[in-house]
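Summary of structural features
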Amino acid sequence: MRTDVIVVAAGSGQRAGDGIPKQFRTVGGRAVLRRTLEAFLGQPGIRHVLPVIHPDHGAWCAEVMAGLEGVLPPVSGGATRQASVRAGLEALAADPPDVVLIHDAARPFVSARLVADAIAAARLHGAAVPALALVDTIKALTNNDFVGSGPDRNSLRSVQTPQSFRYDLILSAHRARIGTDDLTDDAAVAEAAGHRVAAFPGDPTNTKITTPEDFVTAERNAALELTDVRTATGFDVHAFGPGDHVMLGGIKIPFDQGLSGHSDADVVLHALTDALLGTIGSGDIGHHFPPSDPQWKGAASDVFLAHAVALVRKAGGRVAHLDATVVCEAPKIGPHREAMRERIAAIAEISLARVSVKATTSEKLGFTGRREGIAALASATVRLPWVD
Ligand SMILES: Nc1ccn([C@@H]2O[C@H](COP(=O)(O)OP(=O)(O)OP(=O)(O)O)[C@@H](O)[C@H]2O)c(=O)n1
Ligand SMILES: C[C@](O)(CO)[C@H](O)COP(=O)(O)O
């Protein structure tokens with residue numbers, strides 16, 4: 001059975017306010033839409049994940065989806081949620097799935113259990129929604145200040161997404177409503193076409209971000225998530241050669257020799273770059289910037305570090321700490337330590353408190369002791385989302 005997921009993200013988020021549509025704002029450092037897409041990627045049984053976005057939101061979408069693999073190119077939605085879902089369904093028609101899950105981008109906390117239950121329920125019933133019993137008593141307003149009697153809450157349910165359907169069933173139900181885009185969920189579209197929709201247990205943590213207050217709650221929930229804290233190390237050496245300065249930590253330090261290398265031979269930035277690449281298992285500096293490539297001849301090593309930081313970000317991560325130790329007899333590092341920290345923090349776009357630079361001699365032992373070159377050791381710590 002082929003199962004695809006449509007994530008509708010073409011709304012403008014009026015009720016959440018703040019200018020940027022809510023699906024492109026971050027929660028716990030990760031964009032809402034990215035969180036939602038990642039929640040489906042890699043789930044057993046899912047073939048494709050298709051985002052539906054507003055035609056004016058392409059740039060925001062590209063930014064939040066950067067580096068995300070396994071997502072179909074986004075398609076444009078419509079003026080209402082119902083129209084956006086229909087656009088997604090039509091986009092799958094050329095290579096149709098058997099089952100489709102339809103989910104709000106604005107529900108980033110969808111769990112693996114809910115996804116599995118949604119798939120199973122659609123296979124069993126053809127149309128199904130996650131539903132929660134109500135915990136509050138419901139009243140009808142008689143006017144703005146007074147309440148009247150309400151319905152029996154035992155027969156009521158609050159329904160969520162992902163709502164799951166046999167693809168042909170929901171496609172034809174949506175097609176039957178072209179021109180009447182007034183329904184707020186896909187269960188209603190299926191019911192209007194005469195189908196019975198089953199209910200399966202929803203999940204109270206699968207909330208929809210709708211108002212500014214929902215962002216406060218979402219941040220609180222994100223803070224409780226399991227995070228993937230990773231530390232990796234880097235090491236680099238360059239030999240002294242002719243010159244009148246060395247580059248260390250992005251700072252030009254006057255000296256009676258230079259460091260030889262293909263780039264500017266900044267051992268500190270190179271070791272930090274390798275450490276960062278190590279946190280995401282992305283090879284090493286030579287893999288990304290081959291010494292055989294003439295474009296890196298004499299390059300400022302800022303580029304290498306910034307690239308590694310960008311890769312960590314693409315993986316949804318944040319740099320928590322960068323630490324480097326320089327090993328040399330000379331030049332003296334102490335007078336330049338703060339400038340190096342500031343430069344590294346600026347390149348990595350993190351606060352100064354997250355950067356440390358230390359130095360030591362090797363007590364005149366070995367190649368650094370014989371003043372043949374400079375070595376640097378580094379470690380990087382990053383915080384990544386736990387995605388498997
Ligand atoms: N024309 C629309 C309207 C909504 N949605 C999506 O449908 C989901 C549920 O809608 P809602 O929470 O109401 O989002 P918005 O319409 O963006 O919010 P608002 O009503 O506050 O403007 C969201 O993921 C939203 O992006 C959509 O794809 N196309
Ligand atoms: C689809 C939905 O999330 C189910 O609860 C809900 O109907 C969306 O409503 P909205 O008014 O478009 O936010």
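Residues numbered from 1 in each chain as written. Chains lettered and ligands numbered in written order. Predicted model: local features only at pLDDT ≥ 70, side-chain atom pairs only at ≥ 80, totals over all residues.

1. Comments concerning the UniProt feature "site: Transition state stabilizer" (unreviewed entry) in the protein
Where we set the bar: UniProt positions are given in the numbering used here, feature names are shortened, and annotations may be inferred rather than shown by experiment. To qualify as a helix, a DSSP run of H or I must reach at least 4 residues; to qualify as a strand, a run of E must reach at least 2; elements of each kind are numbered from the N terminus. Here, residue contact means that the backbone-derived C-beta atoms of the two residues sit within 7 Å.
Taken from the UniProt record, the annotation "site: Transition state stabilizer" (unreviewed entry) applies to R15, K22, H262 and T361. In terms of the greatest pairwise C-alpha distance, the residues named above, spread along 347 residues, do not form a single cluster, extending to 59.8 Å across. Mapped onto the fold, R15 is located in the loop between strand 1 (3-9) and strand 2 (26-27). In this structure R15 touches T210 and T211, once residues within four positions along its chain are discounted. If you trace the backbone, H262 turns up in the loop between strand 16 (258-259) and helix 8 (267-279). Aside from chain neighbours lying at most four places away, what touches H262 is P291, W296 and K297.

2. Looking at the nonpolar core
Applicable threshold: Definition of nonpolar core: a set of buried Ala, Val, Leu, Ile, Met, Phe, Trp, Tyr and Cys residues joined via C-beta atoms within 7 Å. With C-beta atoms placed from the backbone, the exposure class of a residue follows from how many other C-beta atoms lie within 10 Å of its own: 20 or more, buried; 12 or fewer, exposed; in between, partly exposed.
With 51 residues, the main nonpolar core has I6, V7, V8, V52 and V100 as its most contacted residues. The element that contributes the greatest number of residues to this core is helix 4 (residues 112-125), accounting for 6 residues. The contacts of V100, once residues within four sequence positions are left out, are D4, I6, L89, L92, F165, Y167 and I170. If you look at the next biggest cluster of nonpolar residues, it comprises 42 residues, including M247, L272, L277 and V309.

3. Brief notes about helix 1 (residues 32-40)
Most of helix 1 sits inside the fold, with 8 of its 9 residues counted as buried. What helix 1 keeps buried is the set V32, L33, R34, R35, T36, L37, A39 and F40. Backbone geometry just downstream of helix 1 places G42 in the positive-phi region, at approximately 80 degrees.

4. Details of unusual backbone geometry
Along the chain, T161 connects to P162 via a cis peptide bond; the corresponding omega equals 10 degrees. Here the amide bond leading from A330 into P331 is cis, since omega sits at 0 degrees, within 30 degrees of zero. Mapped onto the secondary structure, P331 falls in the loop between strand 17 (318-327) and helix 11 (337-348). At A265, a position not held by glycine, the phi torsion is positive, near 60 degrees. Examined against the element boundaries, A265 turns out to sit in the loop between strand 16 and helix 8. Phi at E363 is positive, roughly 55 degrees, even though this residue is not glycine. Structurally, E363 is set in the loop between strand 18 (355-360) and helix 12 (366-369).

5. Observations concerning the pairing of strand 13 (residues 227-241)
Residues in a regular strand project their side chains so that they alternate between the two faces of the sheet. Heads up, the rule is: In this description, strands pair whenever DSSP reports at least two bridges between them.
Across 13 bridges, the pairing between strand 13 and strand 19 (residues 373-385) is antiparallel. Across the sheet, the residue bridging to T227 is P385, located in strand 19. Sheet topology places strand 13 next to strand 16; 2 bridges connect them, and they run antiparallel. Along strand 16, the bridge assignment pairs F240 with L259.

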